[in-house]
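# Summary of the model geometry
What follows is each chain in one-letter form.
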Amino acid sequence: MVGFPRDERRDVVVVTGAGGIGTAVARRIGSGRTLFLADASRGQLDRTVGVLRAEGYDAHGVVIDVCDHASVRKLAETAAGEGRLAAVVHTAGVCAAIASARTNFEVNMVGTAHVIDCFEAVATRGTSLVCVAGVAGHYATLSDEDEVLLATVPAEELLELDVVAAVGDDAVPAYIVSNRAVQVRVEAAALAWNLRGARVNSVSPGAVATDMAKAEAGSVYGEHLRKMLDACGAGRAATPVEIADVIAFLAGPQAQYVNGTDLVVDGGQSAWLRRH
Ligand SMILES: NC(=O)c1ccc[n+]([C@@H]2O[C@H](COP(=O)([O-])OP(=O)(O)OC[C@H]3O[C@@H](n4cnc5c(N)ncnc54)[C@H](O)[C@@H]3O)[C@@H](O)[C@H]2O)c1
(Lines give C-alpha, C1' and ligand atoms only; values in the text may rest on other atoms or scores of the structure.)
Protein backbone atom coordinates (compact mmCIF):
# COMPACT_ATOMS: atom_id res chain seq x y z
CA MET A 1 0.00 0.00 0.00
CA VAL A 2 1.16 3.55 -0.63
CA GLY A 3 3.04 4.69 2.48
CA PHE A 4 4.40 1.23 3.46
CA PRO A 5 7.80 1.32 5.16
CA ARG A 6 10.55 1.11 2.57
CA ASP A 7 11.55 -2.55 3.06
CA GLU A 8 7.92 -3.72 2.92
CA ARG A 9 7.06 -2.02 -0.30
CA ARG A 10 5.49 -4.11 -2.98
CA ASP A 11 6.32 -4.21 -6.65
CA VAL A 12 4.57 -1.48 -8.59
CA VAL A 13 2.45 -1.90 -11.70
CA VAL A 14 1.17 1.02 -13.77
CA VAL A 15 -1.71 0.69 -16.22
CA THR A 16 -2.70 3.67 -18.35
CA GLY A 17 -6.27 3.53 -19.61
CA ALA A 18 -8.98 2.33 -17.22
CA GLY A 19 -11.16 1.04 -20.08
CA GLY A 20 -11.83 -2.48 -21.31
CA ILE A 21 -8.29 -3.72 -21.95
CA GLY A 22 -6.71 -1.69 -19.13
CA THR A 23 -9.11 -3.12 -16.54
CA ALA A 24 -8.50 -6.69 -17.73
CA VAL A 25 -4.73 -6.11 -17.54
CA ALA A 26 -5.02 -4.62 -14.05
CA ARG A 27 -6.87 -7.73 -12.86
CA ARG A 28 -4.44 -10.08 -14.62
CA ILE A 29 -1.16 -8.62 -13.28
CA GLY A 30 -2.16 -6.38 -10.36
CA SER A 31 -2.63 -8.93 -7.53
CA GLY A 32 -0.40 -8.33 -4.52
CA ARG A 33 1.18 -5.30 -6.12
CA THR A 34 0.76 -1.56 -5.77
CA LEU A 35 -1.37 -0.77 -8.78
CA PHE A 36 -1.57 2.67 -10.37
CA LEU A 37 -4.38 3.14 -12.87
CA ALA A 38 -4.23 6.32 -14.94
CA ASP A 39 -6.91 7.74 -17.21
CA ALA A 40 -8.11 11.09 -18.56
CA SER A 41 -11.68 10.40 -17.47
CA ARG A 42 -12.21 10.93 -13.73
CA GLY A 43 -15.55 9.09 -13.87
CA GLN A 44 -14.11 6.04 -15.67
CA LEU A 45 -11.15 5.98 -13.30
CA ASP A 46 -13.22 6.22 -10.11
CA ARG A 47 -15.56 3.45 -11.26
CA THR A 48 -12.72 1.10 -12.19
CA VAL A 49 -10.61 1.79 -9.10
CA GLY A 50 -13.69 1.31 -6.90
CA VAL A 51 -14.44 -2.09 -8.45
CA LEU A 52 -10.81 -3.23 -8.23
CA ARG A 53 -10.42 -2.12 -4.61
CA ALA A 54 -13.61 -4.02 -3.72
CA GLU A 55 -12.00 -7.10 -5.31
CA GLY A 56 -8.93 -6.72 -3.09
CA TYR A 57 -6.52 -4.90 -5.39
CA ASP A 58 -4.33 -2.16 -3.93
CA ALA A 59 -5.48 0.16 -6.71
CA HIS A 60 -4.84 3.91 -6.91
CA GLY A 61 -6.32 6.21 -9.51
CA VAL A 62 -4.37 9.04 -11.16
CA VAL A 63 -5.99 11.45 -13.61
CA ILE A 64 -3.62 12.08 -16.51
CA ASP A 65 -3.72 13.22 -20.10
CA VAL A 66 -1.10 11.22 -21.99
CA CYS A 67 -0.83 14.11 -24.47
CA ASP A 68 0.62 16.21 -21.65
CA HIS A 69 4.28 15.30 -21.07
CA ALA A 70 4.30 16.81 -17.56
CA SER A 71 1.38 14.71 -16.34
CA VAL A 72 2.95 11.48 -17.67
CA ARG A 73 6.31 12.38 -16.10
CA LYS A 74 4.60 12.99 -12.75
CA LEU A 75 2.85 9.61 -12.95
CA ALA A 76 6.17 7.88 -13.76
CA GLU A 77 8.00 9.57 -10.88
CA THR A 78 5.19 8.93 -8.40
CA ALA A 79 4.95 5.24 -9.34
CA ALA A 80 8.72 4.70 -9.30
CA GLY A 81 8.87 6.34 -5.85
CA GLU A 82 6.53 3.69 -4.41
CA GLY A 83 8.68 0.63 -5.03
CA ARG A 84 10.29 -1.50 -7.74
CA LEU A 85 8.62 -0.71 -11.05
CA ALA A 86 7.80 -4.19 -12.36
CA ALA A 87 5.49 -3.45 -15.27
CA VAL A 88 3.95 -0.55 -17.13
CA VAL A 89 1.12 -1.26 -19.55
CA HIS A 90 -0.01 1.58 -21.77
CA THR A 91 -3.59 1.03 -22.98
CA ALA A 92 -4.90 4.62 -22.99
CA GLY A 93 -5.93 5.39 -26.53
CA VAL A 94 -8.65 6.36 -29.00
CA CYS A 95 -9.86 5.12 -32.38
CA ALA A 96 -11.27 6.57 -35.58
CA ALA A 97 -14.89 5.97 -34.57
CA ILE A 98 -14.64 8.19 -31.49
CA ALA A 99 -11.95 10.78 -32.21
CA SER A 100 -10.74 13.17 -34.92
CA ALA A 101 -7.60 12.64 -36.98
CA ARG A 102 -5.74 15.16 -34.82
CA THR A 103 -6.80 13.45 -31.57
CA ASN A 104 -5.78 10.05 -32.91
CA PHE A 105 -2.29 11.43 -33.57
CA GLU A 106 -2.11 13.32 -30.27
CA VAL A 107 -3.28 10.49 -28.01
CA ASN A 108 -2.07 7.33 -29.77
CA MET A 109 1.21 8.61 -31.23
CA VAL A 110 2.41 11.54 -29.09
CA GLY A 111 0.89 10.09 -25.91
CA THR A 112 2.75 6.81 -26.43
CA ALA A 113 5.99 8.69 -27.11
CA HIS A 114 5.53 10.45 -23.75
CA VAL A 115 4.94 7.14 -21.97
CA ILE A 116 8.03 5.53 -23.53
CA ASP A 117 10.23 8.55 -22.69
CA CYS A 118 8.97 9.25 -19.17
CA PHE A 119 9.03 5.63 -18.04
CA GLU A 120 12.43 4.99 -19.63
CA ALA A 121 13.78 7.66 -17.27
CA VAL A 122 12.63 5.68 -14.20
CA ALA A 123 12.92 2.10 -15.55
CA THR A 124 15.24 -0.20 -13.63
CA ARG A 125 16.47 -3.77 -14.09
CA GLY A 126 13.46 -5.95 -14.91
CA THR A 127 10.96 -3.19 -15.71
CA SER A 128 8.78 -4.17 -18.66
CA LEU A 129 6.73 -1.68 -20.66
CA VAL A 130 4.02 -2.98 -22.98
CA CYS A 131 2.29 -0.48 -25.28
CA VAL A 132 -1.01 -1.37 -26.91
CA ALA A 133 -0.95 -0.47 -30.61
CA GLY A 134 -3.44 -1.98 -33.07
CA VAL A 135 -3.18 -4.41 -35.95
CA ALA A 136 -4.19 -1.56 -38.27
CA GLY A 137 -0.64 -0.26 -37.88
CA HIS A 138 0.56 -3.18 -39.98
CA TYR A 139 -1.67 -2.04 -42.86
CA ALA A 140 0.14 1.30 -43.16
CA THR A 141 2.14 1.73 -46.36
CA LEU A 142 4.79 4.26 -45.38
CA SER A 143 8.22 4.90 -46.84
CA ASP A 144 11.28 3.77 -44.87
CA GLU A 145 12.17 7.44 -44.37
CA ASP A 146 8.77 8.22 -42.84
CA GLU A 147 9.02 5.20 -40.52
CA VAL A 148 12.48 6.27 -39.35
CA LEU A 149 11.15 9.74 -38.55
CA LEU A 150 8.10 8.39 -36.72
CA ALA A 151 10.39 6.10 -34.75
CA THR A 152 13.02 8.62 -33.74
CA VAL A 153 12.10 12.32 -33.80
CA PRO A 154 11.51 13.90 -30.37
CA ALA A 155 7.90 13.59 -29.19
CA GLU A 156 7.27 17.33 -29.58
CA GLU A 157 8.19 17.18 -33.29
CA LEU A 158 5.95 14.25 -34.25
CA LEU A 159 2.89 16.32 -35.16
CA GLU A 160 5.01 18.45 -37.53
CA LEU A 161 6.05 15.50 -39.72
CA ASP A 162 5.02 15.50 -43.40
CA VAL A 163 3.52 12.02 -43.01
CA VAL A 164 1.09 13.45 -40.45
CA ALA A 165 0.21 16.47 -42.60
CA ALA A 166 -0.37 14.16 -45.59
CA VAL A 167 -3.17 12.37 -43.73
CA GLY A 168 -5.27 15.52 -43.45
CA ASP A 169 -8.56 15.32 -41.55
CA ASP A 170 -9.42 11.68 -42.19
CA ALA A 171 -9.49 9.84 -38.85
CA VAL A 172 -9.09 6.35 -40.34
CA PRO A 173 -5.63 6.83 -41.88
CA ALA A 174 -4.70 8.88 -38.80
CA TYR A 175 -5.58 5.86 -36.62
CA ILE A 176 -3.59 3.55 -38.92
CA VAL A 177 -0.48 5.77 -39.04
CA SER A 178 -0.63 6.51 -35.30
CA ASN A 179 -0.69 2.76 -34.58
CA ARG A 180 2.28 2.25 -36.91
CA ALA A 181 4.06 5.02 -35.01
CA VAL A 182 3.57 3.10 -31.76
CA GLN A 183 5.03 -0.09 -33.29
CA VAL A 184 8.13 1.57 -34.77
CA ARG A 185 8.77 3.79 -31.74
CA VAL A 186 8.71 0.76 -29.47
CA GLU A 187 11.21 -0.97 -31.77
CA ALA A 188 13.51 2.06 -31.77
CA ALA A 189 13.29 2.42 -27.98
CA ALA A 190 14.42 -1.17 -27.29
CA LEU A 191 18.13 -0.29 -27.24
CA ALA A 192 17.78 2.34 -24.50
CA TRP A 193 15.56 0.04 -22.43
CA ASN A 194 17.95 -2.90 -22.92
CA LEU A 195 20.84 -0.79 -21.63
CA ARG A 196 18.84 -0.30 -18.42
CA GLY A 197 18.13 -4.02 -18.12
CA ALA A 198 14.53 -3.23 -19.00
CA ARG A 199 12.27 -4.11 -21.94
CA VAL A 200 9.68 -2.45 -24.14
CA ASN A 201 7.28 -4.23 -26.51
CA SER A 202 3.92 -3.66 -28.15
CA VAL A 203 0.79 -5.71 -28.65
CA SER A 204 -1.39 -5.15 -31.70
CA PRO A 205 -4.93 -6.41 -31.17
CA GLY A 206 -7.56 -6.80 -33.86
CA ALA A 207 -11.12 -6.23 -32.66
CA VAL A 208 -11.59 -6.53 -28.88
CA ALA A 209 -15.02 -6.47 -27.25
CA THR A 210 -14.74 -3.20 -25.28
CA ASP A 211 -16.57 0.14 -25.41
CA MET A 212 -14.17 1.13 -28.18
CA ALA A 213 -15.17 -1.85 -30.33
CA LYS A 214 -18.85 -1.07 -29.67
CA ALA A 215 -18.24 2.42 -31.06
CA GLU A 216 -16.55 0.85 -34.10
CA ALA A 217 -19.38 -1.66 -34.55
CA GLY A 218 -21.90 1.16 -34.68
CA SER A 219 -19.84 3.12 -37.22
CA VAL A 220 -19.68 2.71 -41.01
CA TYR A 221 -16.76 0.27 -40.56
CA GLY A 222 -18.72 -2.09 -38.29
CA GLU A 223 -20.25 -4.19 -41.05
CA HIS A 224 -16.91 -4.45 -42.85
CA LEU A 225 -15.20 -5.56 -39.63
CA ARG A 226 -17.84 -8.22 -38.92
CA LYS A 227 -17.47 -9.64 -42.44
CA MET A 228 -13.70 -9.73 -42.09
CA LEU A 229 -13.87 -11.57 -38.74
CA ASP A 230 -16.20 -14.15 -40.28
CA ALA A 231 -14.08 -14.57 -43.41
CA CYS A 232 -10.83 -15.09 -41.50
CA GLY A 233 -12.40 -17.85 -39.41
CA ALA A 234 -12.22 -16.13 -36.02
CA GLY A 235 -15.93 -15.34 -36.18
CA ARG A 236 -15.78 -13.03 -33.18
CA ALA A 237 -13.87 -10.25 -31.51
CA ALA A 238 -11.33 -11.04 -28.78
CA THR A 239 -12.35 -10.74 -25.15
CA PRO A 240 -10.26 -8.22 -23.17
CA VAL A 241 -8.86 -11.11 -21.10
CA GLU A 242 -7.38 -12.69 -24.23
CA ILE A 243 -5.38 -9.51 -24.83
CA ALA A 244 -4.47 -9.21 -21.14
CA ASP A 245 -3.05 -12.76 -21.16
CA VAL A 246 -0.64 -11.86 -23.98
CA ILE A 247 0.30 -8.60 -22.26
CA ALA A 248 0.93 -10.52 -19.01
CA PHE A 249 3.32 -12.81 -20.90
CA LEU A 250 5.24 -9.85 -22.34
CA ALA A 251 5.26 -8.06 -18.98
CA GLY A 252 6.46 -11.10 -17.07
CA PRO A 253 9.68 -13.10 -16.61
CA GLN A 254 8.87 -15.71 -19.30
CA ALA A 255 9.41 -13.01 -21.93
CA GLN A 256 12.69 -11.69 -20.53
CA TYR A 257 14.49 -12.17 -23.88
CA VAL A 258 11.69 -10.43 -25.83
CA ASN A 259 12.48 -6.80 -26.48
CA GLY A 260 11.51 -4.25 -29.13
CA THR A 261 8.94 -6.40 -30.87
CA ASP A 262 5.26 -6.26 -31.74
CA LEU A 263 2.93 -9.17 -31.05
CA VAL A 264 -0.18 -9.34 -33.25
CA VAL A 265 -3.26 -10.73 -31.45
CA ASP A 266 -6.01 -10.59 -34.05
CA GLY A 267 -7.47 -14.10 -34.38
CA GLY A 268 -5.73 -14.58 -37.73
CA GLN A 269 -7.31 -11.55 -39.38
CA SER A 270 -4.13 -10.04 -40.83
CA ALA A 271 -2.80 -13.45 -41.95
CA TRP A 272 -6.06 -13.92 -43.87
CA LEU A 273 -5.84 -10.42 -45.36
CA ARG A 274 -2.29 -11.00 -46.59
CA ARG A 275 -2.68 -14.53 -47.96
CA HIS A 276 -6.29 -14.88 -49.18
N1 LIG B 1 -11.00 -2.40 -28.55
C2 LIG B 1 -10.48 -2.67 -29.75
O3 LIG B 1 -11.14 -3.24 -30.64
C4 LIG B 1 -9.06 -2.28 -30.05
C5 LIG B 1 -8.45 -2.77 -31.22
C6 LIG B 1 -7.14 -2.43 -31.51
C7 LIG B 1 -6.46 -1.60 -30.66
N8 LIG B 1 -7.04 -1.12 -29.53
C9 LIG B 1 -6.29 -0.23 -28.66
O10 LIG B 1 -6.27 -0.73 -27.33
C11 LIG B 1 -6.17 0.37 -26.43
C12 LIG B 1 -7.22 0.20 -25.34
O13 LIG B 1 -8.48 0.15 -25.94
P14 LIG B 1 -9.81 -0.29 -25.17
O15 LIG B 1 -10.53 -1.16 -26.09
O16 LIG B 1 -9.50 -0.72 -23.78
O17 LIG B 1 -10.57 1.12 -25.17
P18 LIG B 1 -11.44 1.84 -24.06
O19 LIG B 1 -12.12 2.95 -24.76
O20 LIG B 1 -12.25 0.85 -23.30
O21 LIG B 1 -10.32 2.44 -23.07
C22 LIG B 1 -9.44 3.47 -23.46
C23 LIG B 1 -9.24 4.37 -22.27
O24 LIG B 1 -8.26 5.36 -22.64
C25 LIG B 1 -8.64 6.57 -22.00
N26 LIG B 1 -8.04 7.71 -22.68
C27 LIG B 1 -8.38 8.23 -23.89
N28 LIG B 1 -7.63 9.30 -24.16
C29 LIG B 1 -6.78 9.47 -23.10
C30 LIG B 1 -5.77 10.42 -22.79
N31 LIG B 1 -5.49 11.42 -23.62
N32 LIG B 1 -5.09 10.28 -21.63
C33 LIG B 1 -5.39 9.27 -20.78
N34 LIG B 1 -6.36 8.37 -21.00
C35 LIG B 1 -7.05 8.46 -22.16
C36 LIG B 1 -10.16 6.59 -22.08
O37 LIG B 1 -10.73 7.47 -21.11
C38 LIG B 1 -10.51 5.12 -21.84
O39 LIG B 1 -10.80 4.85 -20.48
C40 LIG B 1 -6.31 1.64 -27.26
O41 LIG B 1 -5.04 2.18 -27.49
C42 LIG B 1 -6.91 1.14 -28.56
O43 LIG B 1 -6.58 1.96 -29.67
C44 LIG B 1 -8.33 -1.46 -29.19
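Residues numbered from 1 in each chain as written. Predicted model: local features only at pLDDT ≥ 70, side-chain atom pairs only at ≥ 80, totals over all residues. Heavy atoms only, no water.

What follows is about the confidence of the model for the protein chain. Here the protein chain averages 95 in pLDDT, while 97% of its residues score no lower than 70. Within the protein chain, the element-level pLDDT minimum falls on helix H8 (residues 211–217), averaging 84, and the maximum on strand E5 (residues 128–132), averaging 99. (pLDDT = per-residue confidence, 0-100. Helix = DSSP H or I, 4+ residues; strand = E, 2+ residues; numbered from the N terminus.)

Right, let's get into the site of the ligand. Residues in contact with the ligand amount to 27 residues; listed here are only the nearest, Ile21, Asp39, Gly206, Val208 and Thr210. In this structure, glycine 20 approaches the ligand through a main-chain N or O atom, which is 2.9 Å from an oxygen atom. For the ligand, an oxygen atom lies 3.5 Å from a polar atom in the backbone of threonine 91. The fraction of the free accessible surface of the ligand (830 Å²) that becomes covered by protein chains is 89%. Secondary-structure elements contributing two or more residues to the shell around the ligand are helix H1 (20–29) and H8. Of the residues assigned to the shell around the ligand, the class counts are 16 nonpolar, 9 polar and 2 charged. (Near = heavy atom within 4 Å. Polar contact = N/O pair within 3.5 Å; in protein donor to acceptor, adjacent residues only side chain to side chain. Areas by Shrake-Rupley, 256 points an atom, 1.4 Å probe, with all protein chains shown as cover. Nonpolar A, V, L, I, M, F, W, Y, C, P; charged D, E, K, R; others polar.)

This part takes up the pairing of strand E3 (residues 58–63). Of the strand pairs in this sheet, strand E2 (residues 34–39) and E3 are connected by 6 bridges, and their pairing is parallel. Counted as the bridge partner of leucine 37 is glycine 61 from E3. Viewed along the sheet, the connection from E2 through helix H2 (residues 42–54) into E3 turns out right-handed. (Pairing = 2+ DSSP bridges. Right-handed = clockwise from strand over helix to strand, strands pointing away.)

Right, let's get into the packing of H1 against helix H10 (residues 240–251). Running from amino to carboxyl end, H1 crosses H10 at an angle of 55°, the nearest separation of the two axes being 8 Å. One finds that H1 runs oblique with respect to H10. You can see that H1 and H10 cross each other, and the crossing is right-handed. Contacts between H1 and H10 pair Gly20, Ile21, Ala24, Val25, Arg28 and Ile29 from the former with Pro240, Val241, Ile243, Ala244, Asp245, Ile247 and Ala248 from the latter. The residue makeup of the contact of H1 with H10, split by class, is 10 nonpolar, 1 polar and 2 charged. (Axes fitted to C-alpha atoms, helices over the stretch in contact; angles between N-to-C directions. Parallel < 35°, antiparallel > 145°, perpendicular 65-115°, else oblique. Left-handed = near helix turned anticlockwise from the far one by under 90°. Contact = heavy atoms within 4.5 Å.)

Counted at 1.5 Å a residue, the expected span for helix H3 (residues 69–80) with its 12 residues is 16 Å, and the 16 Å between its end C-alpha atoms agrees. The complete set of buried residues in H3 reads Ser71, Val72, Leu75, Ala76 and Ala79. In a view along the axis of H3, the buried residues occupy a sector of 140°, so they form one face of it. Packed against the buried residues of H3 are strand E1 (12–16), E2, E3, strand E4 (85–90) and helix H4 (101–120). (Expected span 1.5 Å × (residues − 1). Buried < 20%, exposed > 50% of the residue type's maximum accessible area, 1.4 Å probe, protein only. Arc of directions from axis to C-beta.)

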